[in-house]
Amino acid sequence: QLSSLLLFLGDIHIARHVDIEPVNQDNLDDGLQYSRTVDKARVIVRSFEATTQAMYDDGATLLATTQRVRQVELCEAWRGRDESYDALEALTSSLDFNLQIARQNLESLLLIGEEQSNILEQCNKSPIEWRISQRSLVTAILADDALNPTSNDNMYDTSTDDADEILEDATQVAEPVPTQMSPLPPPVPTSGKPTIIPRIDMPAESSLEDEALGLIRTPPRPDKIKAFFGDDAPSHYLISLTAETKPWYLRPKYDPAEVLIDPDGTVRGGTVAALVERLTAHESSDPKFTRAFLMTFKSFTTSEELFNLLVDRFWIQPPLNLNAQELGEWRHYKQNIIRIRVINAMKSMVQDEDVLEKDELGILDRMTEFASRDDVISIPAAKQLLAAIKRTQRGRDLRKMTMNVSGDPPPAPIVPKRVELLDIDPLELARQLTITESQLYQKIRPSECLQRSRQSKTEYHDGVANFIRRSNRIAQWVTYTILCKDDPRRRAAVMKQFIVVTDRCRVIQNFSTMMAIVTGLNSSPIHRLKRSWEQVASKYMSQLQTCEAVVDSYKNYNNFRTALAAVTPPCVPFVGVFLTALTHIQDGSKDHLPAKLVNFRKRQKSSEVIQDLQRWQTQPHNFHPLPSVLVFINEALSQFGDQDVSDVFWQLSLEREPREKEEEKLARYLHESGFF
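Since the structure is predicted, the reported quantities are computational estimates derived from the model, not experimental observations.

Colleague: Even after reading the chapter, I still don't get the overall build of the chain, so can you show me in this structure?
Modeller: Scanning the chain from N- to C-terminus turns up 29 helices and four strands. Here the chain holds 676 residues, and 40% of them are scored as buried. A fraction of 73% describes how many contacts in the chain between residues 6 or more apart in sequence connect residues 24 or more apart.

Structure representation (structure tokens):
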């Protein structure tokens, strides 16, 4: 409907109904007023042209955006609604607004056309005859200037057909022909300036059947797609079109049924061999696919099998019946690129500590033997692979994660006079808690998170377990420290201290400790201490409510996800959000698709969650450690183990503030109100 509307608007011949060009005022009784209507019409026409162009642009963007929208599956429910829907709503509103403007412009032009007709009727002139006479006059002047130039004789060559074309136009003015509009909208400008995209004629290809029928079949043109979409052109579609124009011996080897590709270019599924072929594809490189494959391949194959497939891929053989030129092209454009990417894939396996476990390091000997062959070592990438293997075998850390420590010096610490909870500045206590929390977060490995989502074990001894254990102990520390005070006012003082600390953790973007402290303050043994909470001022309660809103579990921690998207490193996020998302992905979809294809979309989603987690590992917090405060925190947390102490805390809470009977509660309220 939008395309039909744009075609209709483009075919409107405004000059048939309204004068928009300068006219000879001397031939009209009210020539000045007529000229004013012409000026108004020209302004409105410019507005109409701009509005129509905007609808063309919005239509092109709408088409591109709809191709990026996908139905949210059960395994993707943790992400919430697709962001593309927001863009579609904005485009719809823009189109509706431009349609209203276009309708108003057309209505205004009709009114101006009626006014011009009234002025011409007063002069006994027909509007149509008047317009034709004016155009004939203008055309005649142009033709006369072309045939009889008064100056710059060498500027025009009258021997060419230009003059004849002008004369032909002059004889055809009396019968104006509506302009034929193209069904395709113009290219979408990306820089704010109009761009002229030259047309490149592509040679037509035709099959024997087409030639027999007298048909000429033109292949798809990537330049047209690029001109239509601009920078938003779907690169995967351009690549596929380019691949189809390549010779048959330079195309992928796997059967199209072995790999399923989504409209956005991502891999939905495939056989293991086909996925390895795409990992080392010669047509183009896909870093997103490579990261997801190396991070998750152990969920559908083994390191030994992957190595064997890579070796087989390296020794790819040319097709039969190739002549010398075709064989040279095959070796240059396919074999050499595949071999380099095979070696790079092996190098990534060696350098990333999350790929090879300790019991899998024996495969390094096979890689060394492979890379040391004479026909392999000649490739420069093979020498880099051997160097990486030697570094690994010498016991060096496999991971080469760049730690972007801020060049600015850490803020000056606030040294307490006494190392007691209420004597330590809340900001400095938040900093010291963050130092250890950030260090533990850096040690979380992606393989640990993926293993947790695939296995149903209850006991883990890894980086994730250490991080979670510390958060639980912080919550227990908050609960126990408050309950240790026998007076409501003293308990309220501890509550206020922890509220300020959690707010400072929010400010310095340590959401993990903030979540742990909020959990302790909202635990059942603390939440029921109404006499203590009555001693906490409203400003502290407001700070606590702000922190609670950030980590609210409503809509799968939607507020926290929004806050996390708006911050930049350094940051220590709440790791439970990532673990929950991985669990939803694991439980929400199957490992394999029909025909025993690996469900790679599931692995891709898990990889995206892990990459979100790794984003906050690139830059740790930079605070100056205070040994005395760190020792105080560690001693306070070390008194709690892995045992469940919730019943102990509940009994202690009942001792601090026993349950009141209704008459006792009423008497206390009256006493506190001053009635007696």
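Colleague: Sorry, what's going on with the sheet that holds strand 1 (residues 259–261) here?
Modeller: Paired through their backbone hydrogen bonds, the strands of a sheet run either parallel or antiparallel. Across the sheet, four strands lie side by side as 1-2-4-3; this open sheet has antiparallel pairing. The open sheet terminates on both sides in strands that have one partner only, identified here as strand 1 and strand 3 (592–593). Against the sheet, helix 26 (residues 600–615) engages strand 2 (267–270) and strand 4 (597–599), with an angle of about 25° to strand 4.

Colleague: Please explain the side chain of Gln604 as it appears in this structure.
Modeller: Locating Gln604 in the fold gives a position in helix 26. Not counting residues up to four positions away in its chain, the partners in contact with Gln604 are Lys288, Phe289 and Ala292.

Colleague: Would you mind going over the packing of helix 12 (residues 324–351) against helix 15 (residues 380–393) with me for this structure?
Modeller: The description of two packed helices rests on the angle between their axes and on the distance between the axes. For the pair helix 12 and helix 15, interaxial distance at closest approach is 9 Å and the crossing angle is 15°. Compared by their axis directions, helix 12 and helix 15 come out roughly parallel. Our pair here, helix 12 against helix 15, has a crossing hand that is left-handed. Across the interface between the two elements, Ile343, Asn344, Met346, Lys347, Val350 and Gln351 from helix 12 touch Ala381, Ala382, Gln384, Leu385, Ala388, Ile389, Arg391 and Thr392 from helix 15. Of the residues assigned to the contact of helix 12 with helix 15, the class counts are eight nonpolar, four polar and two charged.

Colleague: So what exactly am I meant to see when it comes to the packing of aromatic side chains here?
Modeller: Centre distance and the angle of the planes are the two values used to describe a pair of aromatic rings. This model, assessed by the stated rule, comprises 17 aromatic pairs. Taking the centre distance of 5.1 Å and the plane angle of 85° together, the rings of Phe314 and Phe370 count as edge-to-face. Residue Phe314 is found in helix 11 (residues 303–314), and its partner Phe370 is found in helix 13 (residues 363–371); the two are separated by 56 residues along the sequence. As far as the burial class goes, Phe314 and Phe370 line up, both buried. Both rings, one in Trp477 and one in Phe498, keep their centres 5.3 Å apart while their planes meet at 90°; by these two values the pair is edge-to-face. Note that Trp477 is positioned in helix 18 (residues 463–483) and Phe498 in helix 19 (residues 488–507), a separation of 21 residues in sequence.

Colleague: Looking at this structure, I do not really get helix 17 (residues 446–454). What am I missing?
Modeller: Think of an α-helix as 3.6 residues a turn; residues three or four steps apart then line up on the same face. Among the residues of helix 17, Pro446, Ser447, Glu448, Cys449, Leu450 and Ser453 are the ones counted as buried. Taken together, the buried residues of helix 17 touch helix 10 (287–296), helix 18, helix 25 (576–588) and helix 26.

Thresholds, definitions, all that
Residues numbered from 1 in each chain as written. Predicted model: local features only at pLDDT ≥ 70, side-chain atom pairs only at ≥ 80, totals over all residues. Heavy atoms only, no water. Helix = DSSP H or I, 4+ residues; strand = E, 2+ residues; numbered from the N terminus. Buried < 20%, exposed > 50% of the residue type's maximum accessible area, 1.4 Å probe, protein only. Contact = heavy atoms within 4.5 Å. Pairing = 2+ DSSP bridges. Axes fitted to C-alpha atoms, helices over the stretch in contact; angles between N-to-C directions. Parallel < 35°, antiparallel > 145°, perpendicular 65-115°, else oblique. Left-handed = near helix turned anticlockwise from the far one by under 90°. Nonpolar A, V, L, I, M, F, W, Y, C, P; charged D, E, K, R; others polar. Phe/Tyr/Trp six-rings, centres within 6.5 Å; stacked < 30°, edge-to-face > 60°.

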